[in-house]
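Understanding the architecture of this molecule
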Amino acid sequence: FGIYLALTGQRIKGEDVLVCGVATHYIPSNILPSVESSLADLPSRSDEAIQSILSQHSLKPTLENSKLYQEREVIDRIFGQPTLQHILDALEKENTTFSKETLKLLERVSPTSLKVTFRLMKEGMRLSLK
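Now for a description of the structure that goes with this document. (Residues numbered from 1 in each chain as written. Predicted model: local features only at pLDDT ≥ 70, side-chain atom pairs only at ≥ 80, totals over all residues. Heavy atoms only, no water.)

Our focus in this paragraph is the overall build of the chain. When helices and strands are tallied, the chain shows nine helices and zero strands. Each helix (α) and strand (β) of the chain, taken in turn from the N terminus, gives the series α-α-α-α-α-α-α-α-α. The C-alpha radius of gyration computed for the chain amounts to 19 Å, which surpasses the reference 14 Å derived for 130 residues by more than 25%, pointing to a less compact arrangement than a globule. Summarising its shape, the C-alpha atoms of the chain cover approximately 55 × 35 × 20 Å along the three principal directions. Evaluated residue by residue, the chain yields a buried proportion of 30% over its 130 residues. Counting only contacts in the chain whose residues sit at least 6 apart along the sequence, the fraction spanning at least 24 positions is 60%. When the accessible surface of the chain is totalled, it reaches about 9,000 Å², and 52% of it is carbon and sulfur. (Helix = DSSP H or I, 4+ residues; strand = E, 2+ residues; numbered from the N terminus. Rg over C-alpha atoms; globule rule 2.2 N^0.38 Å. Buried < 20%, exposed > 50% of the residue type's maximum accessible area, 1.4 Å probe, protein only. Contact = heavy atoms within 4.5 Å. Areas by Shrake-Rupley, 256 points an atom, 1.4 Å probe, with all protein chains shown as cover.)

So, in structure tokens, the structure goes:
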């Protein structure tokens, strides 16, 4: 989902954060004060203690609410293309509501910034965090 998010600038929240693999737990915002309180009261700051609190408060997300989950196969297929031009061509060829909206969004963005972003994302995929 990285290239899709980078090129489109789409914001993710809730279920989408889990779908992208950015989050490990889904905790609705209305439960966060309780989680914060439980974490603050922990006698131990061990990974196990923290994971236990997060798991206790974590909910199973409704993935049907996630736009990324619904469109994951299309996003993977289209944004997995080797070049930006291939992505744009694939979006045009797909001819769905999602692809039309995405193409319209990309057409409003600076072509240079799209090319730079695409290149940096591709280069970043080859790098290590070490």
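Another aspect to go through is the nonpolar core. As a rule of thumb, soluble globular proteins bury nonpolar side chains together. Judged by nonpolar contacts, the single largest core of 20 residues is most densely connected at Y4, L7, I78, F79, I87, L91 and L106. Those elements that provide at least two residues to this core are helix 1 (2–8), helix 6 (72–79), helix 7 (84–94), helix 8 (97–107) and helix 9 (111–125). Top contributing element to this core by residue count: helix 7, with five residues. For I87, the contacting residues outside a window of four places in its chain are I3, L7, I78, F79, Q81 and F118. In this structure, I27, V35, I53 and L54 belong to the second largest nonpolar core, which totals six residues. (Core = buried A, V, L, I, M, F, W, Y, C linked by side-chain atoms within 4.5 Å.)

Moving on, we come to the pattern of salt bridges. Following the criterion strictly, the structure yields two salt bridges and no others. The closest approach of N and O atoms between R77 and E94, which form a salt bridge, is 2.7 Å. Taken together, the positions of R77 in helix 6 and E94 in helix 7 put the pair 17 residues apart, joining distant regions of the chain. In this structure R77 comes out as partly exposed when scored by relative accessible area, which is 43%. Judged by relative accessible area, which is 23%, E94 ranks as partly exposed. (Salt bridge = Lys/Arg side-chain N within 4 Å of Asp/Glu carboxyl O.)

If you walk through the whole model with that rule in mind, you get two aromatic pairs. Ring geometry for Y4 against F79: centres 5.1 Å apart, planes inclined by 80 degrees, an arrangement best described as edge-to-face. Remark: F79 occurs in helix 6 and Y4 occurs in helix 1; sequence separation between them is 75 residues. On the accessibility criterion, Y4 (2% relative accessible area) is buried. Its relative accessible area of 6% is what places F79 among the buried residues. Here a set of aromatic residues connected by ring pairs shows up, and it is made of Y4, F79 and F98. (Phe/Tyr/Trp six-rings, centres within 6.5 Å; stacked < 30°, edge-to-face > 60°.)

Below, the discussion takes up the environment of H25. Mapped onto the elements, H25 comes out in the loop between helix 2 (15–19) and helix 3 (32–40). Through-space distance from the C-alpha of H25 to that of K60 is 8.5 Å; in sequence the pair is 35 residues apart. Not counting residues within four places of it along the chain, the set of residues in contact with H25 comprises L18, Q51, L54, S55 and S58. At 2.8 Å, the side chain of H25 and the side chain of T24 are in polar contact. Among the polar contacts made by the side chain of H25, one reaches the side chain of Q51 at a distance of 3.4 Å. (Polar contact = N/O pair within 3.5 Å; in protein donor to acceptor, adjacent residues only side chain to side chain.)

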